[in-house]
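Spelled out from the first residue to the last, the chains are:
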Amino acid sequence: MPSAAHATAIGSTPVRTFEYTVGGVTMNVPTGCMFTHIIRGKGRKITYQNAGVDCAFVGALSSGFCNWRIDFTYADTGNRTYRTSRGRTHTECKIDPMRNNAPQTLPRYGKACAHLVVNGVRRVSQCHHITK
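What counts as what
Residues numbered from 1 in each chain as written. Predicted model: local features only at pLDDT ≥ 70, side-chain atom pairs only at ≥ 80, totals over all residues. Heavy atoms only, no water. Helix = DSSP H or I, 4+ residues; strand = E, 2+ residues; numbered from the N terminus. Polar contact = N/O pair within 3.5 Å; in protein donor to acceptor, adjacent residues only side chain to side chain. Pairing = 2+ DSSP bridges. Salt bridge = Lys/Arg side-chain N within 4 Å of Asp/Glu carboxyl O. Buried < 20%, exposed > 50% of the residue type's maximum accessible area, 1.4 Å probe, protein only. Phe/Tyr/Trp six-rings, centres within 6.5 Å; stacked < 30°, edge-to-face > 60°. Lys NZ or Arg CZ within 6 Å of the ring centre and 35° of its normal.

Draft legend 1. Quick look at the side chain of H128. Looking at the secondary structure, you find H128 in strand 12 (residues 121-130). A polar contact of 3.2 Å, which involves the side chain of H128, links it to the side chain of Q126.

Below, the structure written as structure tokens:
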């Protein structure tokens, strides 16, 4: 569930198990990974934003995430997305992908979301409400 971002908001969502193919090799992402999204600021002003994956147990033993990127999206109170900051696609495999986004002032209240995209497919999202 989204949480209010009055000053700082931190939320984590489990990454569900999934398989995908890279160069003819089947990759398996097991359970044990969390996607965490952090925002600092006040009102519509975001002073810091970061999202990334942390894995433990069996998840930490996997080959990680290949062809990944992290996108940030911003939607108004009617849930209409008005801005997307698309991350660069990283071709290397990484167990702990992470991305920071630049400070900014949003034109509207609503919500800010982070999305992990692996091999072209959105796998997990985590959102925070941006309120007065």
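Draft legend 2. Just the pairing of strand 6 (residues 45-55), in detail. Note: strand 5 (residues 33-42) against strand 6, 10 bridges, orientation antiparallel. Bridge pairing links G41 to I46 in strand 6. Between the antiparallel neighbours strand 5 and strand 6 lie 2 residues, among them G43 with a positive phi of about 60 degrees. One ladder, built from 2 bridges, connects strand 6 with strand 10 (residues 104-105); its direction is antiparallel. Across the sheet, residue K45 finds its bridge partner in strand 10, namely T105. Sheet analysis places strand 6 next to strand 9 (residues 98-101), joined by 4 bridges and oriented antiparallel. Within strand 9, the position partnered with G52 by the bridge is M98.

Draft legend 3. Layout of the pattern of salt bridges. Tallied over the entire structure, the rule returns 2 salt bridges. Where R69 meets D71, a salt bridge forms, and the shortest distance between an N and an O atom there is 3.0 Å. Taken as a pair, R69 and D71 share a single burial class, namely buried. The shortest N-O distance in the salt bridge between D76 and R80 comes to 3.3 Å. For D76, a relative accessible area of 13% gives the class buried. Given a relative accessible area of 54%, R80 falls into the exposed group.

Draft legend 4. Representation of the packing of aromatic side chains in the model. For the structure shown, the criterion picks out 2 aromatic pairs. Ring centres 6.4 Å apart and planes at 35 degrees place the aromatic pair F18 and F65 in the tilted group. Taken together, the residues F18 in strand 3 (residues 18-22) and F65 in the loop between strand 6 and strand 7 (68-76) connect sequence positions 47 residues apart. Summarising the burial analysis for this pair, F18 and F65 share the class buried. An aromatic cluster is built from F18, Y20 and F65, whose rings are joined through pairwise contacts. The ring of Y48 has R40 sitting right over it, with the charged end atom 4.6 Å from the ring centre. One residue, R108, lies across the ring of Y82, its end atom 4.5 Å from the ring centre.

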